[in-house]
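Below, each chain spelled out in residue letters.
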Amino acid sequence: MPDAPEPDCWLHPDAEVRPSAIEGAGLFARAPIAAGTAVSRLGGRLVTWPDLRDLLDDAARQPGHPYVDTITVTETLHLVLPPGRPNGKGNHSCDPNLWWIDAYTLAARRPIAADEELTNDYATSTAAPGFTMRCECRGPLCRGVVTGGDWQLPELRRRYGPHWVPALLDLIHQPGSSA
């Protein structure tokens, strides 16, 4: 079981929100960021699957359908970020420049140039059954659709090694797990 998250999020001082070609707004580097540097540490509160479903259902009934930003932490717990944090503007890419170094922290996967959009592969943080998202990254490795089952793809397992949220690492390391 990972440690409890901090109550709030932290973002590297050289990261800022700007308009994104991937989706609406995104996070961008103001200055170069070295490989291995922590860029985004997520905080918030841990909830169970039933609590998360209730939160999502409640949001869907509200005018404007407020977004609930969440990641899988363990098989039974999910982190819900405080609303409106810039960390939640991090967009998906099928060839991201950030990856997980612990349950709540994304670090630079490689050197990141100034003005480069900061991205992570959403497949590394969810195994939600039925989750699908059309991908707009337009990169050479683009899968077109991101799903809650992408953790099973051998090429992603090779690409990301141990850089998944703990719940997905547990699934990946289960005996008989497809690889």
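This text gives an overview of the structure that appears in the document. (Residues numbered from 1 in each chain as written. Predicted model: local features only at pLDDT ≥ 70, side-chain atom pairs only at ≥ 80, totals over all residues. Heavy atoms only, no water.)

Our focus in this paragraph is the sheet that holds strand 7 (residues 77-80). Strand order in this open sheet of three strands is 5-7-6, and the pairing throughout is antiparallel. Edge positions in the open sheet fall to strand 5 (45-48) and strand 6 (70-72), since each of these has one partner strand only. In this sheet, adjacent strand axes meet at a mean angle of 35 degrees when their direction is disregarded. Judged from the three bridges that link them, strand 6 and strand 7 form a sheet pairing that is antiparallel. (Pairing = 2+ DSSP bridges. Helix = DSSP H or I, 4+ residues; strand = E, 2+ residues; numbered from the N terminus. Axes fitted to C-alpha atoms, helices over the stretch in contact; angles between N-to-C directions.)

In this description, a pair of aromatic rings is defined by centroid distance and the angle of the planes. Going through the model one piece at a time under the given rule, you end up with one aromatic pair. With centroids separated by 5.7 Å and ring planes inclined at 80 degrees, the aromatic side chains of Y160 and W164 adopt a geometry described as edge-to-face. For the pair shown, Y160 and W164 are each scored as buried. One cation-aromatic arrangement involves R41 over W10; the distance from NZ or CZ to the ring centre is 5.1 Å. (Phe/Tyr/Trp six-rings, centres within 6.5 Å; stacked < 30°, edge-to-face > 60°. Buried < 20%, exposed > 50% of the residue type's maximum accessible area, 1.4 Å probe, protein only. Lys NZ or Arg CZ within 6 Å of the ring centre and 35° of its normal.)

Below, the discussion takes up the nonpolar core. Counting residues in each nonpolar core, the largest one holds 34 residues, and the members touching the most others are I33, L42, I71, L79, I112, L118 and W164. The residues contacting L118, other than those within four sequence positions of it, are A15, L27, F28, A29, I33, V39, G90, N91, N97, L98 and I112. Judged by nonpolar contacts, the second largest core, of five residues, contains L52, A59, V68 and V80. (Core = buried A, V, L, I, M, F, W, Y, C linked by side-chain atoms within 4.5 Å. Contact = heavy atoms within 4.5 Å.)

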